[in-house]
4 protein chains.
Amino acid sequence: MQIGMVGLGRMGAGLVRRLMRDGHSCVVYDVNPDAVAALVADGATGADSYADLAGKLEGPRTVWIMVPAGEITESTVTSVAEHLSAGDAIIDGGNSYYRDDIRRAAELGAKGIHYLDVGTSGGVYGLERGFCLMLGGDAGAVTRLAPLWRTISPGVETAPRTPGRTGDIAPEEEGWLHCGPAGAGHFVKMVHNGIEYGAMAAYAEGLNILANANEGLRTRAQDAETAPLDHPEFYSYEIDIPAVTEVWRRGSVVASWLLDLTAAALVESPQLEEFSGRVSDSGEGRWTAIAAIEEGVPAPVLTAALYQRFSSRGNATYGDKVLSAMRKQFGGHHEKKD
Amino acid sequence: MQIGMVGLGRMGAGLVRRLMRDGHSCVVYDVNPDAVAALVADGATGADSYADLAGKLEGPRTVWIMVPAGEITESTVTSVAEHLSAGDAIIDGGNSYYRDDIRRAAELGAKGIHYLDVGTSGGVYGLERGFCLMLGGDAGAVTRLAPLWRTISPGVETAPRTPGRTGDIAPEEEGWLHCGPAGAGHFVKMVHNGIEYGAMAAYAEGLNILANANEGLRTRAQDAETAPLDHPEFYSYEIDIPAVTEVWRRGSVVASWLLDLTAAALVESPQLEEFSGRVSDSGEGRWTAIAAIEEGVPAPVLTAALYQRFSSRGNATYGDKVLSAMRKQFGGHHEKKD
Amino acid sequence: MQIGMVGLGRMGAGLVRRLMRDGHSCVVYDVNPDAVAALVADGATGADSYADLAGKLEGPRTVWIMVPAGEITESTVTSVAEHLSAGDAIIDGGNSYYRDDIRRAAELGAKGIHYLDVGTSGGVYGLERGFCLMLGGDAGAVTRLAPLWRTISPGVETAPRTPGRTGDIAPEEEGWLHCGPAGAGHFVKMVHNGIEYGAMAAYAEGLNILANANEGLRTRAQDAETAPLDHPEFYSYEIDIPAVTEVWRRGSVVASWLLDLTAAALVESPQLEEFSGRVSDSGEGRWTAIAAIEEGVPAPVLTAALYQRFSSRGNATYGDKVLSAMRKQFGGHHEKKD
Amino acid sequence: MQIGMVGLGRMGAGLVRRLMRDGHSCVVYDVNPDAVAALVADGATGADSYADLAGKLEGPRTVWIMVPAGEITESTVTSVAEHLSAGDAIIDGGNSYYRDDIRRAAELGAKGIHYLDVGTSGGVYGLERGFCLMLGGDAGAVTRLAPLWRTISPGVETAPRTPGRTGDIAPEEEGWLHCGPAGAGHFVKMVHNGIEYGAMAAYAEGLNILANANEGLRTRAQDAETAPLDHPEFYSYEIDIPAVTEVWRRGSVVASWLLDLTAAALVESPQLEEFSGRVSDSGEGRWTAIAAIEEGVPAPVLTAALYQRFSSRGNATYGDKVLSAMRKQFGGHHEKKD
C-alpha cells in the first residue's frame, strides 16, 4: 500500500523503514528537512509541505501522524485534514488522550474523513520486534488498512499460540486489534500504560526490599524518633540484585519483557549511580487512574505506582512538612536531619 | 495513693506533678539527679537507686516506669522487679511493643508481681489536659489502682456525654479503659497511633492539594517527559492555607484536635520553611500495619501513611532509580533534572 | 438582610430557620408546596414560582440555591437567573463541581449577576452548631453578604482561639472564609471532603484491626491456600470497640468530631448489624483524587479511602476473578469457598 | 548424583521425574504409599520410612524435602535429620518463612548437617519448563550439588542472553542462584512472590478498568448517594477483554508469562463465571510487606495488592460498616442496597 507519514522522529522513522522493508511505499514529511532526506535516501518519497504530501498520495489517501502528544498533534491533524477529501484517512499513532480522539473523529467524520486512533507499544525496540497496535475508529477503514497493521505488528510467530485457541489466526494473535469506535484504541493503550506503571513499580519495590535486606548490619540510632529494628539478625543479607534479576528471567512466574530490560539495565550499571530517581510520568498513567475513578473501579496498585512517581519528584514535600509541623506541635518532636 | 515513678523526662515529670496536685504521694527516681531534685523541690520524695525507691514505698508497691521505648524499658523493668515482691505492681507507661508486655507479664507473674501496660496519649499537652489511658493486665490490679487512673485521665467533664449513654459514668468516659489482659493496653495504643498516622496524612495530603491549586499558573515544560495539564484554568487558585485550617475548626466535619494543632503550627510558621519534610516514625505505625497484615485485615490508608513517611526520608530512592533505568531501556527516556 | 432560598430540604430548611432566628427575612421556594408551607408557618414568605420569588425580593436580590448536586443545580441556576438583573447574586450552596462554578460565574457575570459558590459543611448538625462556609466568587459580593455568613457560621466562641492569633477576629475564626475567585469555595470544600474520606477510613481501619485482635482464638484452616498465623498468642484479645472509641474522646491525639459520632453510632448499635458495609461516595472524593492527579500531587491516603468505598460495593470483583483465574493457571490453585 | 526426595505431591514428583530424566538416581518417600509406587514404576527406588530412605542413600547424603509449608515442614525436617550424619545435607524446597530457615540451619549446623533453603518458582509448568531456583545456605554444599541445580533449572537456552553479559555462563543465567547464607534463598523467593502479587494486581486492575469502559451506557441512579458521571460519552466502549490480553502478548511492553496465562485463562472462560473472586494469599506476600515495613522501605504497590486480596475475602467489612455508621451520623445517609 501507499502511506503518508508525518513526523519522522524515532518512532515515525522506524515505522517508515518497517513499512518499506515489507514493500509498502511511503511519502514522508517532517518540519526537519534532514529527517525527510534521511528516509528519501532509503527509498521514501519526500514531501516539503502538507499540500505536497497530499498531492503525492493517490486516493483514498492514508496519512499517519506520529508526533509528540499534546498541542502539536492537534494542530497537525487540523493542518493535514485541510488537504484531504472524503474517503481519506488520518491515523494518529501518538499517545493522544482518547477524549480528543472522540472529538476529532466527529469533526473529521463530518467531512467524510476517517480518523483512526492507534495506540502503539514497543518503544525503541519496535522497529526490530514489531509494534503492538490497538486501533479505534471506523471498522471499514480498519479493515481496508489491514496490510499496514500486518506489516507493523510483530506477527503470530513471535509468541507461542495461546492454549485453547484454534482455527484461523485472529488479528490480535498477529499483534493488532480493532478495539472499538473512535478513542477505543487510545483507551486500551492508556490502560496498557497504566498496567505498565504498576508492573514496573512491583519490580522496583521488590528490588528495593532486596537492596535493604542488609538493614540489620547498619548502625541504627537509638532514640524516640527512630523505630527500633527488633530482629537485626533477620536483615543481614547482601543480595546481588543484578544476579537476582537474571535468575528470575528463566522459569519464574515473574519473567517478563520488563524484567529482561531490568536485567539489561543492571548489567550496564550495577549500582544505577547515574540515575537520581526522579521518575517522569507522561500522561497515560494519570488518565488511567482518572478513568478508574470515574468508572468507580478501585485501582490501588496502578494509582500507588503513579503517586510514587509524583513523590520521587519531590511533590509530596509540602504535605511532609505539614506532618513534621504537626508532630512538633503535639509531641514536641523535632525533625531528624538524616 | 503512694506511687513510685522511674523516668522523669517530660512525660514522667508531668505525671508526677499531675498526681501530686491531686494529693497522691510520689517517690521518684531518674538516672539524672537533677531531674529528681526538681521534683523533690515540688514535694516529691527522692530516691537515689531502685533499692532506695523500693524501700521508700509501702506494700503493695506500685512503680510506674516512664522511659523511652526499647531496650531501656526492658532493662529498667528487670532492675526494678529485683527489688519488688509478690503483690507489688509495675506499670509500663511507655510505647512498648505489646508482645514484650505479654512476655514480661508472664515472667513477672511467676513471681507474683503484677505487670500493667499502659498506653498513654496526650503528648506535651497531657499535664494540662490529662492523658488518655489504655490499660492491659490483671483486672484486680487495674481496679486497685483506679484512683491513679482517675487523677491522670482528663475526666468526664472534658467532653460532652455521648448521646445514648445513660446511668453511671463508665471509666472510658473519664478517659481510662481496661482493654484486656497483658499487652491489650499497648495494643490499643498501637492502633490509636496507627489511626493518628492515617488522620495526619489525610490532612497533609489535602493541604498539599490546596497548596498546588495554582499549578495552572506556573510555566510548564512541553515535552514527552512531562504530563500535559489539559485545563490550566482549573488550577489557578492561590489558597490561603493557614486560613483554611482555621475555618475548618468550627462547624466542619473534619474538626479535630489534630486540626487545631495544624492551625496553630501554621500561625507560627505560615510557610513551614523551617521544616524539610523528613517525617520520622517511631514504631507504633509499623506494628499496626504488621498487625493488620497478620490478621488479614486490609489497612490501605494506615499503611499508605506509614509508607509516605518512609518515602519522605528518601527510602524509596533505590526503587525510583530502577524505574528510571527501566524507562531508559524501553523508551530511551532520560531522567529530567527537575 | 433579605434572602431568597430555593430548595427546602433538610439543609435548605435548616439554613432558613437559622437565618430567621437571627433576624433575617426569607422568601422561600421549593417544588414541593408542603416544604414551603412548613417554613411559612414559621415566619418565612412563601413563593410559588421563581418569578414570584424574584418579585418578592428587593434589589440587589440574593437567592441561595440549595438543591442536590448535578443536573438539578444547573437547571435551577439557569431558571432563577432568568428572573434576576445586573447587581443581583446567586449563591450555590450545594456540592457542585467547582468547574461548573467557573463556567456559570462567567455566564452569569456577562449579565452582571454575581455567582457565589459556597461549600457548606456541618451535615445534619449544622442548624444547631452552625455551618462551616467556604466561599468562592466576587470579593465585593462576599463582603456585602457578610451578615449572612456571620449568621450561618458557628461563630468564634465555638472553639478556643488558636494560640498565636491576636488582634481582630478574622472571618475564618468565625467559621467562614472567602477562598478565592469563582469555584474556590467548592474547591476547598471538595478537598475538605477528601480529607474527611481519609480520616474516616483511618478510624474504620483501626477499629477493624481491633475487631480482629481475636484472630488467634479462631480455628484456622491448615492448607496451602491459607496463610499461616505464626503467633496466634499475639492475637487473643476481645476488644470492646464501643468503649475504645469512647476512651479516645478525652485527652487522646485522635479526638475529633468524627470520633464523637463514631462513639455515638456504637452506643446506638454496638455490633453495627443493621449495616451491610456498602459505602457510597457522592463525588467530592473522586474530584479530590482527580485534582491530586492533575496537579501531580501524591494523595495515597485519600485515594485509598475512595477505592475502599468502591471495593465495598463490589466494584473490584472482575479484577478479583482475574486474579483467581491467574492463580489457577500457574499454580493449579482452586478458589477457597469459605 | 543420588538424591532422596520426601514429599511426592505435584511439585515433588515433578522434581523426581525431571531429575531421573537427566540421569540422577532418586530414593523417594511419602506418607502415601501410592505416590511412592507411582515413581518406583518410573524407575525410582522406594522407601517406606525415613530410616529406610537414609539407609538407601550413600554418604554424603542429600535429602530434598518438598512438603506444604508450615508445621509439616518443621516436623519433617526434624524427623529426617534424626537419620542423617555430619556432612549430609537437607534441602527445604517449600515455601518456608526464611526466619525458620535461619533457626533450622543453626540447629542442624551444630550436628554438622548442611541445611539449604531453596525457593522454587515455576508452578505447575515447572516439570516441562524447569524451575527457577533461589538458594540459601552454606556455599560449599551449594557448589557440591550444582549438578542437581543444573538439572532442575530451565537452562541458559530458555531465554536470549541479556545484552552486555559476556564470557562464561553464570549460574543465574541457567536459572539458579546462590543468594547468600541460610534463609537468603527463601528471602529472595518471598520477595519474588511479593512482586508476583503486585504484577498480577496491575493486570487485574487494568482489565477491570477495561471491563467497565461501558459505564456510560448503563442506567445510573440520580441521587445524593450516587456520584455523578459527568461525561457518560467517554465510557461507552464494549471492550473484548480476551482479545486485548492476546494482542498485548506480542510486541507490547507488558508482555509477560503472567499475561500469557491470563490470555489462556480467558480463552478457557471468557466471562470467568466459575470464579467468585475470593483470592487467597499463602504467606509470602504478607512476609514481603512485613520485611518492607521492618526495613523502612515503602512498598505501596505490593501491599495494596495484598490488601486487595484481603478485601476480596470480605475482611474489610467491619471497617466498611463503621464508615456507613459514621455517614448516617453526620449526614443522615442511609446505605444504598445495591
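Residues numbered from 1 in each chain as written. Chains lettered and ligands numbered in written order. Predicted model: local features only at pLDDT ≥ 70, side-chain atom pairs only at ≥ 80, totals over all residues. Heavy atoms only, no water.

I keep staring at the pairing of strand β1 (residues 2–6) of chain D and nothing clicks. Help me out?
The two faces of the sheet receive side chains in turn, since in a regular strand these alternate between them. All names here are of chain D. Of all 5 residues that make up β1, 4 are buried, and the element is covered over most of its length. Pairing analysis gives 5 bridges linking β1 to strand β2 (residues 25–29), with the strands arranged parallel. Bridging across to β2, methionine 5 finds its partner in valine 28. What joins β1 to β2 is helix α1 (residues 10–21), and the crossover it makes is right-handed. Direction of pairing for β1 relative to strand β4 (residues 62–65): parallel, over a ladder of 3 bridges. Pairing of valine 6 across the sheet is with isoleucine 65, part of β4. (Buried < 20%, exposed > 50% of the residue type's maximum accessible area, 1.4 Å probe, protein only. Helix = DSSP H or I, 4+ residues; strand = E, 2+ residues; numbered from the N terminus. Pairing = 2+ DSSP bridges. Right-handed = clockwise from strand over helix to strand, strands pointing away.)

What is the right way to look at the interface of chain B and chain A in this model?
The figure often quoted for interface size is the accessible area lost as the parts come together. With 71 residues of chain B at the interface, the matching set in chain A holds 71 residues. With both chains or domains summed, chain B and chain A bury close to 6200 Å², and 57% of this area falls on carbon and sulfur atoms. Ranking the residues of chain B by area buried against chain A places Tyr318(B), Gln329(B) and Phe330(B) at the top, with a combined share of 13%. Between the two partners, chain B and chain A, sit 0 salt bridges. Our enumeration of links across chain B and chain A arrives at 19 residue pairs in polar contact (both at pLDDT 80 or more). Sorting elements by how many residues they give to the side of chain B that touches chain A places helix α15 (residues 317–331) of chain B first, with 15 residues. In terms of residue class, the side of chain B that touches chain A is built from 30 nonpolar, 20 polar and 21 charged. (Contact = heavy atoms within 4.5 Å. Buried area = accessible area lost by both parts, 1.4 Å probe. Salt bridge = Lys/Arg side-chain N within 4 Å of Asp/Glu carboxyl O. Polar contact = N/O pair within 3.5 Å; in protein donor to acceptor, adjacent residues only side chain to side chain. Nonpolar A, V, L, I, M, F, W, Y, C, P; charged D, E, K, R; others polar.)

Where do I start with the nonpolar core in this structure?
Considering soluble globular proteins, one finds that nonpolar side chains tend to be buried as a cluster. Judged by nonpolar contacts, the single largest core of 260 residues is most densely connected at Trp248(A), Phe187(B), Trp248(B), Phe187(C), Trp248(C) and Trp248(D). Dropping the residues within four chain positions of it, Trp248(A) is found in contact with Leu207(A), Leu210(A), Val254(A), Ala255(A), Leu259(A), Cys132(D), Met134(D), Val188(D), His192(D) and Ile195(D). (Core = buried A, V, L, I, M, F, W, Y, C linked by side-chain atoms within 4.5 Å.)

Mind showing me how you'd approach the relation of the copies chain B and chain A here?
Both copies of the chain are related by a screw-like operation: a rotation about an axis and a shift along it. Superposing chain B onto chain A requires a rotation of 180 degrees together with a translation of 0.0 Å along the rotation axis, leaving an RMSD of 0.0 Å. Viewed as a symmetry operation, the transformation between the two copies matches a two-fold axis. In terms of proximity to the rotation axis, the leading residue of chain B is Ser311(B), whose C-alpha is 3.8 Å off the axis. With an isologous cut-off of 70% or more, the 100% of interface residues of chain B that recur at the interface of chain A puts this contact in the isologous class. (Least-squares fit on C-alpha atoms with pLDDT ≥ 70 in both.)

When you look at the UniProt feature "domain: 6-phosphogluconate dehydrogenase C-terminal" (unreviewed entry) in chain A in this model, what are you seeing that I'm missing?
The UniProt entry lists residues 185–333 of chain A under the feature "domain: 6-phosphogluconate dehydrogenase C-terminal" (unreviewed entry), expressed in the numbering used here. Helix and strand shares over residues 185–333 of chain A are 58% and 0% respectively, and the end C-alpha atoms of the span are 52 Å apart. (UniProt positions renumbered as here; feature names shortened; annotations may be inferred.)

It is not clear to me how the pattern of salt bridges should be interpreted in this structure. Could you clarify?
Any two side chains of opposite charge can pair, so long as their charged atoms come close to each other. All told, the structure shown has 87 salt bridges over all chains when counted by the stated rule. Where Arg249(C) meets Glu246(C), a salt bridge forms, and the shortest distance between an N and an O atom there is 3.0 Å. Here Arg249(C) and Glu246(C) have matching classes, each one buried. With its nearest N and O atoms 2.6 Å apart, the salt bridge here joins Asp281(C) to Arg286(C). Judged by relative accessible area, which is 1%, Asp281(C) ranks as buried. Take Arg286(C): its relative accessible area is 5%, and that puts it in the buried class. One network of salt bridges, in which partners are shared, links Arg161(A), Arg165(A), Glu172(A), Glu173(A), Glu246(D), Arg249(D), Arg250(D) and Asp260(D).

Sorry, what's going on with unusual backbone geometry here?
A negative phi angle is the norm for most residues apart from glycine, just as the trans form is the norm for most peptide bonds. Put simply, Gly59(C) and Pro60(C) share a cis peptide bond, and its omega is -15 degrees. For Leu272(A), which is not glycine, the phi dihedral falls at a positive 55 degrees. For Leu272(A), the location among the structural elements is in the loop between α12 (257–268) and α13 (284–295). Relative accessible area serves as the criterion here: at 0%, Leu272(A) is assigned to the buried category.

Could you clarify how one ought to interpret the sheet that holds strand β5 (residues 89–92) of chain C in this entry?
Strand-to-strand pairing in sheets goes through backbone hydrogen bonds, with the strands running parallel or antiparallel. All names here are of chain C. Strand order in this open sheet of 8 strands is β3-β2-β1-β4-β5-β6-β7-β8, and the pairing throughout is mixed. In this open sheet, the two strands that pair with only one neighbour each are β3 (45–46) and β8 (176–180). Contacts between helix α1 (residues 10–21) and the sheet are confined to β1 (2–6), β2 (25–29), β4 (62–65) and β6 (114–121), with β1 contributing the most and set at about 165 degrees to the helix. (Axes fitted to C-alpha atoms, helices over the stretch in contact; angles between N-to-C directions.)

Would you explain the relation of the copies chain D and chain A in this entry?
Taken as rigid bodies, chain D and chain A are interconverted by a rotation of 180 degrees and an axial shift of 0.0 Å, the fit giving an RMSD of 0.0 Å. Comparing contact sets, 100% of the residues at the interface of chain D also lie at the interface in chain A, consistent with an isologous, same-surface contact.

Looking at this structure, I do not really get the interface of chain D and chain A. What am I missing?
If you look at the interface, chain D gives 91 residues, while chain A gives 91 residues. Interface area for chain D against chain A, summed over the two sides, is near 7600 Å², with a carbon-plus-sulfur share of 68%. Taken together, chain D and chain A are joined by 2 salt bridges. No other element matches helix α10 (residues 184–211) of chain D, which puts 17 residues into the side of chain D that touches chain A. For the side of chain D that touches chain A, the per-class residue count stands at 56 nonpolar, 18 polar and 17 charged.

How should the side chain of Thr226(B) be read in this particular structure?
For Thr226(B), the position within the fold is in the loop between α10 (184–211) and α11 (241–247). When residues no more than four places from it in sequence are discounted, the contact partners of Thr226(B) are Asp281(A), Arg220(B), Ala221(B) and Lys336(B).

Sorry if this is basic, but what is going on with the pairing of strand β5 (residues 89–92) of chain B here?
Residue and element names in this part refer to chain B. Going residue by residue along β5, you find Ala89 and Ile91 tucked away on one face and Ile90 and Asp92 tucked away on the opposite face as well. Examined bridge by bridge, strand β4 (residues 62–65) and β5 share 4 bridges and lie parallel to one another. Paired with tryptophan 64 across the bridge in β5 is isoleucine 91. For the crossover that starts at β5, traverses helix α5 (residues 98–109) and ends in the parallel strand β6 (residues 114–121), the hand is right-handed.

Got a minute to help me understand α10(B) in this structure?
The periodicity of an α-helix, 3.6 residues per turn, causes residues three or four places apart in sequence to face the same way. End to end, α10(B) covers 40 Å across 28 residues, agreeing with the expected 40 Å (1.5 Å per residue, within 8%). The element α10(B) is extensively covered by neighbouring structure, given that 27 of its 28 residues are classed as buried. (Expected span 1.5 Å × (residues − 1).)

Teacher, can you tell me more about the packing of aromatic side chains here?
Two measures describe an aromatic ring pair: the distance that separates the ring centres and the angle between the ring planes. Counted under the stated rule, the structure contains 36 aromatic pairs over all chains. Aromatic side chains Tyr97(D) and Trp287(D) sit 4.2 Å apart centroid to centroid with 15 degrees between the ring planes, which places their arrangement in the stacked category. Of this pair, Tyr97(D) sits in the loop between β5 (89–92) and α5 (98–109) while Trp287(D) sits in helix α13 (residues 284–295); the two residues are 190 residues apart in sequence, bridging distant segments of the chain. By the burial criterion, Tyr97(D) is buried, and Trp287(D) matches it. A centroid spacing of 4.9 Å and a plane angle of 85 degrees characterise the contact between Tyr98(D) and Phe187(D), whose relative ring orientation is edge-to-face. Taken together, the positions of Tyr98(D) in helix α5 and Phe187(D) in helix α10 put the pair 89 residues apart, joining distant regions of the chain. Its relative accessible area of 0% is what places Phe187(D) among the buried residues. If you follow Arg309(C) out to its NZ or CZ, it ends over the ring of Tyr197(C), 3.7 Å from the centre. (Phe/Tyr/Trp six-rings, centres within 6.5 Å; stacked < 30°, edge-to-face > 60°. Lys NZ or Arg CZ within 6 Å of the ring centre and 35° of its normal.)

What is the right way to read helix α12 (residues 257–268) of chain D from this model?
Counted at 1.5 Å a residue, the expected span for α12(D) with its 12 residues is 16 Å, and the 17 Å between its end C-alpha atoms agrees. The buried fraction of α12(D) is high, at 9 of 12 residues. The set of residues buried in α12(D) consists of Trp257(D), Leu258(D), Leu259(D), Leu261(D), Thr262(D), Ala263(D), Ala264(D), Ala265(D) and Leu266(D). Among the structural elements, α15 (317–331) of chain C together with α6 (126–129), α10 and α11 (241–247) of chain D are those in contact with the buried residues of α12(D). Sitting at the amino-terminal end of α12(D) is Ser256(D), which places a side-chain oxygen 3.3 Å from the backbone nitrogen of Leu258(D).

What is the right way to look at the sheet that holds strand β4 (residues 62–65) of chain A in this model?
Residues and elements named next belong to chain A. Within the open sheet, the 8 strands sit side by side as β3-β2-β1-β4-β5-β6-β7-β8. Their pairing is mixed. Lying at the two open borders of the sheet, with one neighbouring strand each, are β3 (45–46) and β8 (176–180). Across the sheet, helix α5 (residues 98–109) touches β5 (89–92) and β6 (114–121), and the angle it forms with β6 is around 150 degrees.

Honestly, the packing of helix α14 (residues 300–312) of chain A against α10(D) in this entry has me stumped. Any pointers?
A pair of packed helices can be characterised by two numbers: the angle between their axes and the separation between those axes. Between α14(A) and α10(D), whose axes approach to 7 Å, the crossing angle comes to 110 degrees. When the interaxial angle is binned, α14(A) and α10(D) end up roughly perpendicular. In this structure, α14(A) uses Pro300(A), Val301(A) and Leu302(A) to contact α10(D), whose residues at the interface are Gly198(D), Ala201(D), Ala202(D), Glu205(D), Gly206(D) and Ile209(D). Among the residues making up the contact of α14(A) with α10(D), the classes are represented as 6 nonpolar, 2 polar and 1 charged. (Parallel < 35°, antiparallel > 145°, perpendicular 65-115°, else oblique.)

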